[in-house]
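Observations on chain architecture
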Amino acid sequence: MLVFLFRRIAAGAILVVVVATATFLLLSLTGSDVARNVLGETASRSAVAAKSHELGLDQPLVERYWHWAEQALRGNLGSSWFTGDSVNQSLTDTLPVTLSVVLAGMLIAAVLSVALGTAAALRGGWVDRLVQFAAVLGTAVPSFLIALVLAVTLAVQLGWLPATGYVPLATSPGGWLRSITLPALSLAVAATAATAMQVRGALIDVLRADFVRTLRSRGLTTRSVVFRHALRNAAPPALTVLALQFIGLIGGAVVVEKVFGLPGIGTLAQSAAVRGDAPVLLGTVVVTVVIVVAVNLLLDIAYGWLNPKVRVS
Amino acid sequence: MTDVAQAPAAPGRDRLLRRTLRDPLAVVCLAVLALVIAASLAAPLLTDYAPDHSVLADTLAPMSGAHPLGGDGVGRDVMSRLLYGGRTSLVGGTLAVLVAFAVGGPLGLISGFYRGWFDALAGWAVNVIMAVPAIIVMLVVMAAVSQDLNIAMIVLGVIMAPMVFRLIRASVLAVREELYVDAARVSGLGDARIMRRHVLPVVIAPSVIQATQVFAVAIGIQAGLAFLGLGKASQASWGAMLGDAFTNVYTAPVLLVWPGAAMGLTILASSMLGNAVRDALGTTQPRVTKRPRPVVRTAAGSAVAPAEDRLLTVEGLRVAYGEKTVVDGVSITVERGEVLGLVGESGSGKSQTAFSVLGLLPYEAEVKADQLAFEGKALLSLSLDQLNALRGRGIGYIPQEPMSNLDPCFRIGFQLVEPMRKHLGLSRADARTKALELLARVGIPDPERVFRSYPHQISGGMAQRVLIAGAVSCDPRLLIADEPTTALDVTVQAEVLDLMRSLQQERHMGMILVTHDFGVVADICDRVAVMQKGRIVESAPAGQIFAAPGHDYTRMLLDSTLEGGPARGELLRPGTPLKEVTS
């Protein structure tokens, strides 16, 4: 188990380095004159050259990369070309927003998918068909379209929940919950659909297993057989699918944040992309990949914990 | 030669197409897609406005003859933008699909066919690409390379190539496992020929499904990017329309409807078309419904009163799956302390009979009986709770295959303790003590260790002893054992059988022993019922069966067992000359 974890961590670290390097190179490809873009059309030639020197853009690519990598390893992701703000600070400000929404979305997806998948597997008939059909719809429709519909109907028209803005958890837990409910719901739909289908399939397989018949022969209640034994056995494959959904949720959050006017890393990345602010974009990508790696590691641990064959050997 | 090779694939594809078209939903999806394509192509005919022509006076103009869908936030014609936006979406989706297949297809083929270092490298690259959310990569690319949505979609194709790669690779691996590829190689066909003749036909249908999904996802992501304000202003797109409409959501919310509906419908049509193709292929998950308890139908009240002191009375038991009757009017009885052998070949209905008593037949089974009574209680009219009170407590069950009958996720101790706590109302500690005693009783040398173990940590013989301990843990009066020794090593078989007999005598339990092995019958049974094709053909005391079998079928079973036991399958064909089977 320890060796397994160590290998996963090493693989994750390599992944972060590769993605960071690739992103750095990609962002250096841009043909436009960054210093000119920062200062505007009216800036003098010497001012542009000075700015270029200030940003370190007059140095060779390899040197710039080493400089960035060295700083990044020390936990300093540089500062914005345009505003001069520290990237670390921007990420610290925006990350809680995105994580709130994404983790709440994951939580909703986990709960709903187990409920729907179990209902479909146990009830069969029209319940099963309805869940399957809803799952096809849910996986197909992009989250931001769902976000738009929810924002317009529930927030703008009915005024049940705020349409825009974010309230930090520390300021007001209730306000925080209200501000992330709709975005988290929009993100949860696709993840719920995909995971519910997995729960359904895995549960149907498990309920056909010999040991379920034997458990029933012992006179255990349906509740114990289904919810304690069968679901527990169906959990690992469902967890794998849920882990894959996490990446999709972060991607979805980028656009959904814009719909609900949330100042998250999606908004940060988007404005950086529109301006061509490489350090900010780079920082966003690195942090995103680190989070993805960390979450996958956690899910690997959960998977091992759920599977006695991995845990006890 | 080539024509011959292509021939088997072509009708398959035709059939698939025809079967897909029989699904009304698929036809609707195709119609929607055709409409979107036609409208986009005919955009210049359907509107006189350029999609980016802005007239200040038409800002948020209402619907009118001049502007059928009104004007948007900066005075552009909504109808025109919708039509030209459709072009952007369709072109973008198509580009992504083409690139994804152009990149992922060949790489998947090579990876699956040759494996080795190339496969390892490609697999690693796929993991890297899939670890970053696509839309964030797109933001980077659009910031660095170009704001053109079409170029973005080409890059998206590369990002989505892993989906295609995985699909093709898996299909190729599956085909490669098939013998005929080896045969083709032996017969001297080149790799390229093998791929074209054997691999390509298999891959086409799943690829169609995958393509519809990539198409749908690409349209969604493109719209997301445009919604975020990326993309060239001259490029009309549904995403940009949504963005513009959203800024005017308080004044003109209706503007959201057109691009939203167009995009939603296109994506749904594409995605559900893929599903329809999958259904037509028949690769959909079987719609098997499983209920916690089979639905049983009780026949009208029987005239025969159940004997109160008799342990089990079965009269006129019928089990059917639709048209197929697997148990046809079986009647058996078991007295207290009596061991009944239920003997027959595979498919004779003996296990189905045993499971009827436990109420453990699959949901689809239809069970009827003139009488099915345990200690005078009619089993078929019990509620699920009443039945559960009886299972384990009144009737114990010993399964055939030990390893698959223990829950792999729970420790053995827990699996023993749980029923005892429910039925006997024992405390955790008392149940634990009793479980350890039971484990020792069934001959497990280190009960403490096995109690703490997971099923994968113990041997098959051990697991069967655990299952026997579980079956008798709540002191049932009747044991039902379904081929309890068949899956065990020969050396363990005798020990397990001894254990069962001693437990049965010690506790004076009645027992139904389902088996095909007359050796087992001779060891332990008081009486024998022989089953063939769902019926009891002979029922007599064990000694009498061996001394003077009354039915040809019994004689045949007896002969075959005593000759050293043929494989179970051999018994399925009564015509087979039995003497030829030797051990």
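Residues numbered from 1 in each chain as written. Chains lettered and ligands numbered in written order. Predicted model: local features only at pLDDT ≥ 70, side-chain atom pairs only at ≥ 80, totals over all residues. Heavy atoms only, no water.

The positions that UniProt labels "transmembrane region" (unreviewed entry) are, in the present scheme, residues 25-46, 90-114, 121-145, 151-168, 203-230 and 250-269 of chain B. Secondary structure across residues 25-46 of chain B divides into 95% helix and 0% strand, with the first and last C-alpha atoms of the span separated by 28 Å. (UniProt positions renumbered as here; feature names shortened; annotations may be inferred. Helix = DSSP H or I, 4+ residues; strand = E, 2+ residues; numbered from the N terminus.)

Time to look at the domain arrangement of chain A. All names here are of chain A. Entries for chain A in the domain assignment read domain 1 (1-74) and domain 2 (87-310). Placing the centre of domain 1 and that of domain 2 at their C-alpha centroids yields a distance of 32 Å. Contact residues are listed per partner, giving 14 residues for domain 1 and 13 residues for domain 2. Taken together, both faces of the contact between domain 1 and domain 2 bury some 1,200 Å²; the carbon and sulfur share is 87%. Our count for the contact surface shared by domain 1 and domain 2 stands at one salt bridge. The salt bridge partner of Arg8 is Asp300, with a shortest N-O separation of 3.2 Å. Our count for the domain 1 to domain 2 interface comes out at one residue pair in polar contact (both at pLDDT 80 or more). (Domains from an automatic or database assignment. Contact = heavy atoms within 4.5 Å. Buried area = accessible area lost by both parts, 1.4 Å probe. Salt bridge = Lys/Arg side-chain N within 4 Å of Asp/Glu carboxyl O. Polar contact = N/O pair within 3.5 Å; in protein donor to acceptor, adjacent residues only side chain to side chain.)

All right, on to the packing of aromatic side chains then. Under the defined criterion, the tally for this structure stands at ten aromatic pairs over all chains. Seen from their ring centres, Phe24(A) and Trp68(A) are 5.9 Å apart, and the 40° between their planes marks the pair as tilted. Placement of Phe24(A) in helix H1 (residues 2-28) and of Trp68(A) in helix H4 (residues 61-73) is noted, with a sequence separation of 44 residues between them. Each of the two residues, Phe24(A) as well as Trp68(A), counts as buried. On the numbers, 5.1 Å between centres and 25° between planes, the contact of Phe410(B) with Phe414(B) is stacked. Judged by relative accessible area, which is 13%, Phe410(B) ranks as buried. Linked through ring pairs, Phe24(A), Tyr65(A), Trp66(A) and Trp68(A) together constitute an aromatic cluster. (Phe/Tyr/Trp six-rings, centres within 6.5 Å; stacked < 30°, edge-to-face > 60°. Buried < 20%, exposed > 50% of the residue type's maximum accessible area, 1.4 Å probe, protein only.)

Let's shift gears to unusual backbone geometry. Residue and element names in this part refer to chain B. Notably, Arg115 is not glycine yet its phi reads approximately 50°, a positive angle. On the secondary structure map, Arg115 appears in the loop between helix H5 (78-114) and helix H6 (116-131). Arg115 sits in the partly exposed class, given a relative accessible area of 32%. The phi torsion at Glu483 lies on the positive side, around 50°, for a residue other than glycine. A residue is classified by how much of its surface remains accessible, and Glu483, at 2% relative accessible area, is buried.

As a further point, take the sheet that holds strand E3 (residues 339-343) of chain B. Neighbouring strands of a sheet are bound in pairs by backbone hydrogen bonds; such pairs are parallel or else antiparallel. Residues and elements named next belong to chain B. Spatial ordering of the open sheet is given by E7-E8-E9-E3-E10-E11, a layout of six strands whose pairing is mixed. In this open sheet, the two strands that pair with only one neighbour each are strand E7 (395-398) and strand E11 (535-541). Recorded for the sheet is a direction-independent mean angle of 15° between the axes of neighbouring strands. Here five bridges tie E3 to strand E9 (residues 510-515), and the two strands are oriented parallel to one another. The residue of E9 that forms the bridge with Val339 is Met511. (Pairing = 2+ DSSP bridges. Axes fitted to C-alpha atoms, helices over the stretch in contact; angles between N-to-C directions.)

Residues and elements named next belong to chain B. At their nearest, the axes of helix H10 (residues 191-227) and helix H12 (residues 257-281) sit 9 Å apart, and the two run at 165° to each other. Regarding the angle of H10 to H12, the classification is roughly antiparallel. At the point where H10 passes H12, the crossing takes the left-handed sense. In this structure, H10 contributes Ala205, Val208, Ile209, Thr212, Gln213, Phe215, Ala216, Ile219, Gly220 and Ala223 to the contact, and H12 contributes Met263, Thr266, Ile267, Ser270, Ser271, Gly274, Val277, Arg278 and Leu281. Taken together, the residues that form the contact of H10 with H12 break down as eleven nonpolar, seven polar and one charged. (Parallel < 35°, antiparallel > 145°, perpendicular 65-115°, else oblique. Left-handed = near helix turned anticlockwise from the far one by under 90°. Nonpolar A, V, L, I, M, F, W, Y, C, P; charged D, E, K, R; others polar.)

So, on to the nonpolar core. Grouped together as the largest cluster of nonpolar side chains are 146 residues, with contacts concentrated most on Trp68(A), Phe144(A), Leu148(A), Leu281(A), Leu139(B), Leu225(B) and Met263(B). Considering each element in turn, this core owes the most residues, 15 residues, to H10(B). Looking at which domains feed residues into this core, each of domain 1 (1-74) and domain 2 (87-310) of chain A gives three or more. Apart from residues no more than four positions distant in its own chain, Trp68(A) is found in contact with Ala20(A), Phe24(A), Leu77(A), Leu282(A) and Val286(A). With 53 residues, the next largest nonpolar core counts Met462(B), Val472(B), Ala542(B) and Leu557(B) among its residues. (Core = buried A, V, L, I, M, F, W, Y, C linked by side-chain atoms within 4.5 Å.)

A few words now on the UniProt feature "domain: ABC transporter" (unreviewed entry) in chain B. The positions that UniProt labels "domain: ABC transporter" (unreviewed entry) are, in the present scheme, residues 312-558 of chain B. With 40% helix and 26% strand, residues 312-558 of chain B has its two end C-alpha atoms placed 27 Å apart.

Bringing H1(A) into the picture now. What sets the pattern is the α-helix's 3.6 residues per turn: residues three or four places apart point alike. With 27 residues, H1(A) extends 39 Å from end C-alpha to end C-alpha; this agrees with the ideal 39 Å at 1.5 Å per step. Listed as buried for H1(A) are Leu5(A), Gly12(A), Leu15(A), Val16(A), Val19(A), Ala20(A), Thr23(A), Phe24(A) and Leu27(A). Against H4 and helix H12 (278-306) of chain A together with H6 and helix H7 (134-144) of chain B lie the buried residues of H1(A). (Expected span 1.5 Å × (residues − 1).)

For the rest of this paragraph, the subject is the interface of chain A and chain B. As a measure of interface size, the accessible area lost when the parts come together is often cited. Contacts between the two partners involve 73 residues from chain A and, on the opposite side, 74 residues from chain B. Buried area between chain A and chain B, summed over both chains or domains, comes out near 6,600 Å², and the portion from carbon and sulfur atoms is 69%. Considering only the side of chain A, the residues that lose the most area to chain B are Arg213(A), Arg216(A) and Arg218(A), jointly responsible for 11% of the buried surface there. The interface formed by chain A and chain B contains one salt bridge. Residues Arg228(A) and Glu418(B) are paired through a salt bridge, measuring 2.5 Å at the closest nitrogen-oxygen approach. Applying the counting criterion to the chain A and chain B interface returns 14 residue pairs in polar contact (both at pLDDT 80 or more). In terms of residue count, the dominant contributor to the side of chain A that touches chain B is helix H10 (residues 222-259) of chain A (13 residues). Looking at the side of chain A that touches chain B residue by residue, the class counts come to 41 nonpolar, 19 polar and 13 charged.

Summed over the entire model, instances satisfying the criterion amount to 28 salt bridges over all chains. Among the salt bridges present, the one from Arg74(A) reaches Glu70(A), with a minimum N-O distance of 3.9 Å. According to the relative accessible area criterion, Arg74(A) is exposed, its value standing at 63%. The salt bridge involving Arg76(B) is made with Asp72(B); its shortest N-O contact spans 3.0 Å. In this pair, the class of Arg76(B) matches that of Asp72(B), namely buried. Beyond isolated ion pairs, a larger network of salt bridges with shared partners links Lys434(B), Arg441(B), Asp475(B), Glu506(B) and Arg507(B).

Residue and element names in this part refer to chain A. UniProt's feature table lists "transmembrane region" (unreviewed entry) at residues 9-29, 97-122, 134-160, 180-199, 238-260 and 280-306, given in the numbering used throughout. For residues 134-160, the helix share is 81%, the strand share is 0%, and the end-to-end C-alpha distance is 25 Å. Secondary structure across residues 280-306 divides into 100% helix and 0% strand, with the first and last C-alpha atoms of the span separated by 39 Å.

This brings us to the packing of H1(A) against H6(B). Closest axis-to-axis distance for the H1(A)/H6(B) pair is 10 Å, and the angle between their directions is 75°. When the interaxial angle is binned, H1(A) and H6(B) end up roughly perpendicular. Residues Ile14(A), Leu15(A), Val18(A) and Val19(A) of H1(A) form the contact with H6(B), whose participating residues are Trp124(B), Asn127(B), Val128(B) and Ala131(B). Counted by class, the contact of H1(A) with H6(B) contains seven nonpolar, one polar and no charged residues.

With respect to the helices, strands and loops of the structure, Ala431(B) is situated in helix H16 (residues 428-441). With residues near it in sequence (within four places) discarded, Ala431(B) still touches Val417(B), Met420(B), Arg421(B) and Leu426(B).

All names here are of chain B. Along the chain, the position of Arg507 falls in helix H19 (residues 490-507). Given the relative accessible area of 27%, Arg507 is considered partly exposed. For the pair Arg507 and Arg115, spaced 392 residues apart in sequence, the C-alpha to C-alpha distance is 60 Å. A polar atom in the side chain of Arg507 sits 3.1 Å from the backbone oxygen of Val472.

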